[in-house]
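What follows is the residue order along each chain.
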Amino acid sequence: MTQSPKLSNPTLISVRDLTVGYGSFILMKSISFEVKAGEICFITGGSGCGKSTLLKVLMGLKSPKMGQVLYGDEDFWKADANARQAIKRNTGVLFQSGALWSSMTLAENVALPLQQYTDLSQEQIAELASLKLALTGLAGFEDYYPSEISGGMRKRAGLARALALDPAILFLDEPSAGLDPVSSRHLDDLILELRDTLKATFMIVSHELDSIFAIADKIIYLDNQTRTIQAQGDPRRLKEDPETALCALDFLTRGAAGKALEKSNCEKTGS
Amino acid sequence: MISDMRIHVDSERGCLNITVGGTWRLSPERPEEIQRALQLVNEPQITGVLIKEDGLSTWDSSLLVFLVQIVRSARERKIALDLQLSEGLNRLIALAFEVKSQQGSQRERHLPGFLEGIGEKVLSVFPRLTDFLEFLGDVVSALSRFVLGRATMRKQDFLSALHECSIQALPIVAVTNLLFGLILAFVGAVQLTQFGVQIYVAGLVGIGMLRVMGAVMVGIVMSGRVGASYAALLGTMQVNEEIDALTTLGISPVEFLILPRILALVLMVPLLTIYADLMGIFGGYLVGTIMLDIPPVQYLNATMSMVKFSHGLIGLVYATMFGFVIALAGCYQGLRCGRSAQAVGQATTTAVVHSIVGIIVMTAIITIICNVLGI
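Residues numbered from 1 in each chain as written. Chains lettered and ligands numbered in written order. Predicted model: local features only at pLDDT ≥ 70, side-chain atom pairs only at ≥ 80, totals over all residues. Heavy atoms only, no water.

Asker: Which parts of the structure should I look at to understand the interface of chain B and chain A?
Answerer: Where the parts come together, the accessible area they lose is often given as the size of the interface. Taken together, the 28 residues of chain B in the interface contact 28 residues of chain A. Of the roughly 2600 Å² buried at the junction of chain B and chain A (both faces included), carbon and sulfur atoms supply 57%. Summed over the shared surface of chain B and chain A, the number is three salt bridges. For the salt bridge of Glu193(A) with Arg91(B), the shortest nitrogen-to-oxygen distance reads 2.6 Å. In this structure, the connection of chain B to chain A is made through five residue pairs in polar contact (both at pLDDT 80 or more). Its residues assigned to classes, the side of chain B that touches chain A comprises 11 nonpolar, 11 polar and six charged. (Contact = heavy atoms within 4.5 Å. Buried area = accessible area lost by both parts, 1.4 Å probe. Salt bridge = Lys/Arg side-chain N within 4 Å of Asp/Glu carboxyl O. Polar contact = N/O pair within 3.5 Å; in protein donor to acceptor, adjacent residues only side chain to side chain. Nonpolar A, V, L, I, M, F, W, Y, C, P; charged D, E, K, R; others polar.)

Asker: Mind showing me how you'd approach the pattern of salt bridges here?
Answerer: Residue and element names in this part refer to chain B. Tallied over the entire structure, the rule returns 18 salt bridges over all chains. Among the salt bridges present, the one from Asp244 reaches Arg339, with a minimum N-O distance of 2.8 Å. Taken together, the residues Asp244 in helix H8 (residues 242-248) and Arg339 in the loop between helix H11 (309-335) and helix H12 (341-373) connect sequence positions 95 residues apart. Overall, Asp244 belongs to the partly exposed group, its relative accessible area being 29%. With a relative accessible area of 41%, Arg339 lands in the partly exposed category. (Helix = DSSP H or I, 4+ residues; strand = E, 2+ residues; numbered from the N terminus. Buried < 20%, exposed > 50% of the residue type's maximum accessible area, 1.4 Å probe, protein only.)

Asker: Where do I start with the nonpolar core in this structure?
Answerer: The nonpolar side chains of soluble globular proteins are, as a tendency, buried together. Ranked by internal contacts, the top residues of the largest apolar core, which has 79 residues, are Phe202(A), Ile18(B), Trp24(B), Val49(B), Leu63(B), Phe66(B) and Ile70(B). Looking at this core, the element that brings in the most residues is helix H2 (residues 61-77) of chain B, giving nine residues. The residues contacting Phe66(B), other than those within four sequence positions of it, are Ile7(B), Ile18(B), Val20(B), Trp24(B), Ile34(B), Ala37(B) and Leu38(B). Formed by 49 residues, the second largest nonpolar core is a distinct cluster that contains Leu234(B), Leu263(B), Ala264(B) and Phe322(B). (Core = buried A, V, L, I, M, F, W, Y, C linked by side-chain atoms within 4.5 Å.)

Asker: Before we go on, may I ask you to explain the side chain of Thr303(B) in this structure?
Answerer: Residues and elements named next belong to chain B. Within the secondary structure, Thr303 sits in helix H10 (residues 296-306). For Thr303, a relative accessible area of 8% translates into the label buried. Only 2.9 Å separates the side chain of Thr303 from the backbone oxygen of Tyr299, close enough to count as a polar contact. Every residue in contact with Thr303, bar those within four places of it in the chain, is listed here: Ala202 and Ile281.

Asker: Any chance you could explain helix H5 (residues 155-164) of chain B here in plain terms?
Answerer: Residues and elements named next belong to chain B. Along H5, the residues that are buried comprise Asp157, Phe158, Ala161 and Leu162. The buried side chains of H5 occupy one side of the element, clustering within an arc of 135 degrees when seen end-on. The secondary structure elements touched by the buried residues of H5 are helix H7 (200-239) and helix H9 (253-291). (Arc of directions from axis to C-beta.)

Asker: Can you help me understand the sheet that holds strand E10 (residues 228-233) of chain A in this one?
Answerer: The strands making up a sheet are joined through hydrogen bonds of the backbone, oriented either antiparallel or parallel. Residues and elements named next belong to chain A. Strand order in the open sheet made by the six strands is E6-E7-E8-E3-E9-E10, with mixed pairing throughout. At either end of the open sheet lies a strand with only one pairing partner, and these are strand E6 (91-94) and E10. For this sheet, the mean angle separating the axes of adjacent strands, direction not counted, is 15 degrees. Summarising the sheet, strand E3 (residues 40-45) and strand E9 (residues 218-223) pair through five bridges and their orientation is parallel. Within E9, the residue paired with Phe42 across the bridge is Ile219. Of the strands in this sheet, E3, strand E7 (169-173) and strand E8 (201-205) touch helix H6 (residues 181-198), which is tilted by about 155 degrees from E8. (Pairing = 2+ DSSP bridges. Axes fitted to C-alpha atoms, helices over the stretch in contact; angles between N-to-C directions.)

Asker: It is not clear to me how the packing of aromatic side chains should be interpreted in this structure. Could you clarify?
Answerer: Where two aromatic rings form a pair, the distance of their centres and the angle of their planes describe that pair. Inspection of every chain in the model, using the stated rule, returns 10 aromatic pairs over all chains. Taken together, a centroid distance of 6.1 Å and an interplanar angle of 65 degrees make the contact between Tyr71(A) and Phe76(A) edge-to-face. Each member of the pair, Tyr71(A) as well as Phe76(A), is classed as buried. For the ring pair Trp24(B) and Phe66(B), a centre distance of 6.1 Å and an interplane angle of 10 degrees mean the geometry is stacked. In this pair, Trp24(B) sits in the loop between strand E2 (15-23) and helix H1 (32-40) while Phe66(B) sits in helix H2, placing the two residues 42 residues apart along the sequence. For the pair Trp24(B) and Phe66(B), a shared accessibility class is recorded, and that class is buried. Counting every residue linked through ring pairs, the aromatic cluster contains Tyr71(A), Phe76(A) and Trp77(A). Positioned over the ring face of Tyr22(A) is Lys62(A), at 4.2 Å from the centre of the ring. (Phe/Tyr/Trp six-rings, centres within 6.5 Å; stacked < 30°, edge-to-face > 60°. Lys NZ or Arg CZ within 6 Å of the ring centre and 35° of its normal.)

Pasting the structure below:
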């Protein structure tokens, strides 16, 4: 069962009045939210609303047009190179496709961040890489190349790489896209496990409703039309709140209704 | 944060007691007790392991990796194991052993010996050769379908392939061939001036460029420019499953993707060769008139009288064959590319190497045939 982080946990990420866009095009504006340490926060919304772009701004891959992204008290986009490096050292990223380096084995993929940021011996690094792969269910696949394993395994290896440095914050871009329901469920369990044991904070881009209701402490719903956050908070509470039912949870409930409709259609076709 | 790993290891009456505490952070320096514990757990007199924590504040993977190693050894030896640890640690240890290493997934790194390596190479020649012949067969059948007007080929693809290997290639073909004409004339001039027959520079450059060198130069430039780009493009399409998408639709990738590229190169390399020949002759003309003081009209007359129409035709035969070889090498490597970024790089390199080797081999073959036929 989800153990929601205590309200007393310190705020780890604060985003204040962020505006994001490409060239003269404004993709999102007035984005403000806070994420506490140990929270599992989902960024969700319709296709093309800028979920992945927002994640890129948080990860430091794309600069915002305006606004602040604070890690603790440090403004990432105003910090000097060393401070940024320190923040990046404390974050792990799982890209949508896994983004494993194809010329390296899985163990080498996981080992690279450790070689880059620590002075550990080769032996220690190899042990750690094996451990991370075992934690994500890939024990014994150390010497495989990414092209030799399945899509789901690539994703798990990507997560092992993201975990390499025991980061405080993990960014996951559509972690369960393309996974079967069982693998997707396992991934949710793993995320919960890592949050509860390693006290990691998760920022996840996804529109998997099952995952959202199963593990999210907080959702941030971005709206295509207004180009801003339309609702944020505990998804279970938002779903019951009649005030928000018209906007964000319209998406959630309609998503659920859509599924029910699909199911009934299937049954009809079946009969 | 400073690492303050505390660990106490002792063994009494066959039981290994490990107590961990303090702050565990990834660090190159590890307490010697860790190594001792890892050795002791494998000693035959140890029949049980007890791990407990005492004053453990914060920890990371450094503690976890140590505990997992101890637990693994204890499990392998099937000895009693008692973990008196916090819930979080217990759960992570359980997670590390949850999915068992799949049978057969472990790999042994095997480096073939010298003779084994040669054997493997020799054995791989035949399958590769049959694979290439199969591809060549597909190309020939696609060409015949094209002649019959039944090929699935988009006009736009053909036009864009034409564009890529024609107008876009003009500047580089001009520069390389102009300079090559200059070099050829310079080298000839040094020798011919000694006999006072420097006018023959016109014939040397004219015949040399028209008969073979113009085509070879265009071939080499095009294999680097276009052959490599074909391999990279088709290789990336292979990685993105675009080629699979065509196949599942019942569209032949050879007809749809490769035919327009082969046709474009076979058509354009001869035309570029004519242009290259003119540029090379112009290079020779510059050396002849400026350096050797041959009057321009005399140089041109000498070129016209020494060069025969058949020289130009033979050059075009070379060029047509080169166009085919470059397109074939680039497309074959692209289509047979593996599904990774590294494989695309390899396919591109191999395409260029194969097309240049192919050009040289083809030159030798046609030259010998011309020699035998006396043309």
